[in-house]
Amino acid sequence: MILGISGDEAVALAAKQCNVDVVAAYPITPQTIIVEKFSEYVANGETQAEYVRVESEHSAMSACVGASARGARTFTATSSQGLMLMHEILYVASGMRLPIVMANVNRAISSPINIHADHADSMAVRDSGWIQLSCVDAQEAYDTTIMAFKIAEETLLPVMVLLDGFVISHTLQNVSTLSDEQILNFIGNERKSENILDPENPKTFGAMVLPDYYSEIKMQQIEAMDESKKVIENTFKEFGDLTGRRYPLVESYKTDDAEHILLCMGSAFGTAKVVVDDMRAEGKKVGVSRVKCYRPFAGNEVREAIKNAKSVGVADRVAPFGSYPPLYLDTKASCDGINLKSFVYGLGGRDVNKDTIKEVFDRLEKGVDEMFVGVRE
Amino acid sequence: MMYEIRFHGRGGQGAVTAAALLCRAGFLAGKKGVQAFPLFGAERRGAPVKAFARIDDEEIVLASQIYEPDYVFVFEEWLIEYAIEGLKKDGWMIINTKKKPEDFDLDCKIATTDATGIALSNNLKVAGFPVINSSILGAFPKVCEEIKLEHITQAIKNYWPGDIGKNNAHACEQAFNATEVKE
């Protein structure tokens, strides 16, 4: 069925169709529609899920940890300050290997207060042991939320689904949906877990571990994250077979013969494709790639996508303080010998429009090494 | 072909919902690509609000705001100076006003309809203020062949089931009939 819905509504619908048992969440713009919609489903009896109203995001994630440890399929959503308040518990969730799925609607962090798209929030928690999958539009937010449950439950790692505030969360578009049956056949009716709290079979979760074992426990988590890449790829492939909508770890557009490539994340990819078409019509060999699988970082795939370009502009939607921004640093570490330039655009919802993208390509062509795009003097 | 539409209103008048309804009407008209999104500042009643819609036969990948619209909707006359910015040379401005298109000296095509009067006569009010989104949309099929009146009224009835939808659809039809145009 095709529905005209926003990115937030698409995520809420996907979570409901995935038969989640528990949602514990606190509303925050621009994520609010997700939890509003989900609480509506609960109130209307459209889902059997338990909706836990909590007093903060710290409590939201704590309640998710408890529910997931008991074996519940667990979902939450947040943005910006909310994610910041959860920070401590994000590590608890990943350290306890709990397959929680969370949508983070990317928004700038205060101060100054700003409600619009910016990747500073999810980037600030990129090393918290969560898988991070970035989306381009509402369709992909719907699809990725479904795939996230399968990935989380197979890897025993929590998964964050990233969608740009307003640009995706509040944009109404046609979203092709699946039936509940198709989805549950794909991800499994219920969470299959052996690793749960069960009075019949007592276990300890998140116990004190001293220097004699902490490194080994962390190594297991690091290996699980590295190995999750295969699970993510397989899940993307199976989903593609089911729906025809294929998501690679790194998606590229007209990069094969491109002299200059823009590497980005999130909603900017769509606009960049239009600019690539416009510039190619003028005879300029440009292309664009975007990282869908940011954690684990799809470094090999990034290198493969951009290796033949004369220069590559890596565009971050994050203000860097005293160093380079995160997508650039990750790319730099994976792409030895490739000519990379760091760009920053779209802070606090500053529109990433065709001119912004053109400016990046112009600077790449002219070899201008200037990081900030679209900022007034 | 892609049509880009921009709405200029004030918080509470229904500009954001108008963009969403037009996008739903586009879908009912068989368009593959539809997109509608608001530009929020501080969310408060009375503050200037912009909303955007794109309608295309193909899927839409563009994710930026709209700078050179084909159509602009103006919910109050004083917003004309903002609405005209970037409007294409052969673009249409749809104005909520009691005046006629001839009363305006603007470098664009003009359609007028008294959406406020029609909304009030149908008692379409929220918190005492007229909500004119369903009415003003009635002018659109007069200036864009791609979307028919029935697509818009159907989108309205789908969005607000029951009597509310019927009232709004009725206001939309009245505004359609009352629309005057000047090319």
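Everything that follows concerns the structure shown earlier in this document.
Residues numbered from 1 in each chain as written. Chains lettered and ligands numbered in written order. Predicted model: local features only at pLDDT ≥ 70, side-chain atom pairs only at ≥ 80, totals over all residues. Heavy atoms only, no water.

Caption draft 1: Main features of the overall build of chain A. Within chain A, the secondary structure is distributed over 12 helices and 14 strands. Its C-alpha atoms put chain A at 65 × 55 × 45 Å along the principal axes. Buried residues in chain A amount to 59% of all 377 residues. Sequence-distant contacts, at least 24 apart, represent 81% of the contacts inside chain A between residues at least 6 apart. (Helix = DSSP H or I, 4+ residues; strand = E, 2+ residues; numbered from the N terminus. Buried < 20%, exposed > 50% of the residue type's maximum accessible area, 1.4 Å probe, protein only. Contact = heavy atoms within 4.5 Å.)

Caption draft 2: Here's a closer look at the interface of chain B and chain A. Between chain B and chain A, the contact holds 20 residues from the first and 21 residues from the second. Regarding the contact of chain B and chain A, the summed buried area is about 1600 Å², with carbon and sulfur atoms giving 59% of it. At the boundary of chain B with chain A, the tally comes to 0 salt bridges. Linking chain B with chain A are 7 residue pairs in polar contact (both at pLDDT 80 or more), by the criterion used here. At the level of secondary structure, the elements contributing two or more residues to the side of chain B that touches chain A comprise helix H1 (15–28) and strand S2 (33–39) of chain B. Here the element with the most residues in the side of chain B that touches chain A is S2(B); it accounts for 5 residues. Across the side of chain B that touches chain A, the residue classes tally to 12 nonpolar, 4 polar and 4 charged. Sheet topology places strand S8 (residues 172–176) of chain A next to S2(B); 2 bridges connect them, and they run antiparallel. (Buried area = accessible area lost by both parts, 1.4 Å probe. Salt bridge = Lys/Arg side-chain N within 4 Å of Asp/Glu carboxyl O. Polar contact = N/O pair within 3.5 Å; in protein donor to acceptor, adjacent residues only side chain to side chain. Nonpolar A, V, L, I, M, F, W, Y, C, P; charged D, E, K, R; others polar. Pairing = 2+ DSSP bridges.)

Caption draft 3: Structural view of the nonpolar core. Of all hydrophobic cores here, the largest spans 97 residues; its most connected members are Met61(A), Phe75(A), Tyr142(A), Ile146(A), Ile306(A) and Val312(A). When residues of this core are assigned to domains, at least three fall in each of domain 1 (2–243) and domain 2 (250–366) of chain A. In terms of nonpolar packing, the next biggest core, distinct from the first, is built from 44 residues, Ala20(B), Ile55(B), Phe75(B) and Cys144(B) among them. (Core = buried A, V, L, I, M, F, W, Y, C linked by side-chain atoms within 4.5 Å. Domains from an automatic or database assignment.)

Caption draft 4: Inspection of helix H7 (residues 163–178) of chain B at higher detail. Residue and element names in this part refer to chain B. Compared with an ideal rise of 1.5 Å per residue, which puts 16 residues at 22 Å, H7 spans 22 Å between its outermost C-alpha atoms and is within 8% of the ideal. If you check which residues of H7 are buried, you get Gly165, Asn168, Ala169, Ala171, Cys172 and Ala175. Down the axis of H7, the buried set is contained in an arc of 160°. They therefore lie on one face. Relative to its buried face, H7 has exposed residues pointing more than 90 degrees away, namely Asp163, Lys166 and Asn177. On the buried face of H7, the contacting elements are strand S6 (109–113), helix H3 (115–121), helix H4 (133–137) and helix H6 (149–159). (Expected span 1.5 Å × (residues − 1). Arc of directions from axis to C-beta.)

Caption draft 5: The arrangement of the side chain of Asp56(B) in detail. Residues and elements named next belong to chain B. Within the fold, Asp56 resides in strand S3 (residues 48–56). Buried and unpaired, Asp56 has Lys31 as its nearest opposite-charge partner, separated by 7.0 Å. Within polar-contact distance, the side chain of Asp56 engages the backbone nitrogen of Glu58 at 3.2 Å. Not counting chain neighbours up to four residues away, the residues in contact with Asp56 comprise Met1, Met2, Lys31, Lys32 and Gly33. (Lys, Arg positive; Asp, Glu negative; His and termini not counted.)

Caption draft 6: Expanded view of the sheet that holds S2(B). Strand order in the open sheet formed by 9 strands is S1(A)-S8(A)-S2(B)-S3(B)-S1(B)-S4(B)-S5(B)-S6(B)-S9(B), with mixed pairing between adjacent strands. Of all strands in the sheet, those bounded by a partner on one side alone are strand S1 (2–6) of chain A together with strand S9 (180–182) of chain B. With strand direction ignored, the average angle separating the axes of adjacent strands in the sheet is 20°. Here strand S5 (residues 92–96) of chain B runs beside S6(B); their pairing, made up of 5 bridges, is parallel. Looking at the pairing, Met93(B) lines up with Ile110(B) of S6(B). (Axes fitted to C-alpha atoms, helices over the stretch in contact; angles between N-to-C directions.)

Caption draft 7: Structural detail: the side chain of Thr78(A). Residues and elements named next belong to chain A. In this fold, Thr78 is placed in strand S4 (residues 74–78). Residue Thr78 is classed as buried on the basis of its relative accessible area, which comes to 0%. Leave out the neighbours within four places in its chain, and Thr78 touches Ile28, Gln31, Glu57, Leu83, Met86, Met102, Ala103, Asn104 and Val105.

Note that every value here comes from positions in space, so none of it alone points to a role or purpose.
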